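Coordinate analysis (summary)
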Amino acid sequence: MATLDFGTRLVRRMNYNRVVSLPKAWLRDRGLEDSGAVRCVMNEAGDLVLSPAEGT
């Protein structure tokens, strides 16, 4: 699979949470455009890896 660059995303504060918007193209490709959940895992390098959560 080719690497896609979705650019820089801003981290926004909402109350005590931080929010980052996800690219629409990625959500559509993963079937999460209108609903669903995302699994977040930090790998050994400290990178955050997102993937569709099971059962969504």
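To keep things clear, this report deals only with the structure shown in the data block.

One pass over the full model with this rule turns up one salt bridge. In this structure, the salt-bridge partner of aspartate 29 is arginine 30, at a minimum N-O distance of 2.6 Å.

Counting buried positions over the five residues of strand 3 (residues 38-42) gives zero, only a small fraction of the element. When strand 3 meets strand 4 (residues 48-52), the two strands line up antiparallel, connected through five bridges. Opposite valine 38, over in strand 4, you have proline 52 as the bridge partner. Hairpin geometry of strand 3 and strand 4 is characterised by an intervening segment of five residues between the two adjacent antiparallel strands and by a positive phi of about 90 degrees at glycine 46.

Rules of the game
Residues numbered from 1 in each chain as written. Predicted model: local features only at pLDDT ≥ 70, side-chain atom pairs only at ≥ 80, totals over all residues. Heavy atoms only, no water. Salt bridge = Lys/Arg side-chain N within 4 Å of Asp/Glu carboxyl O. Buried < 20%, exposed > 50% of the residue type's maximum accessible area, 1.4 Å probe, protein only. Helix = DSSP H or I, 4+ residues; strand = E, 2+ residues; numbered from the N terminus. Pairing = 2+ DSSP bridges.

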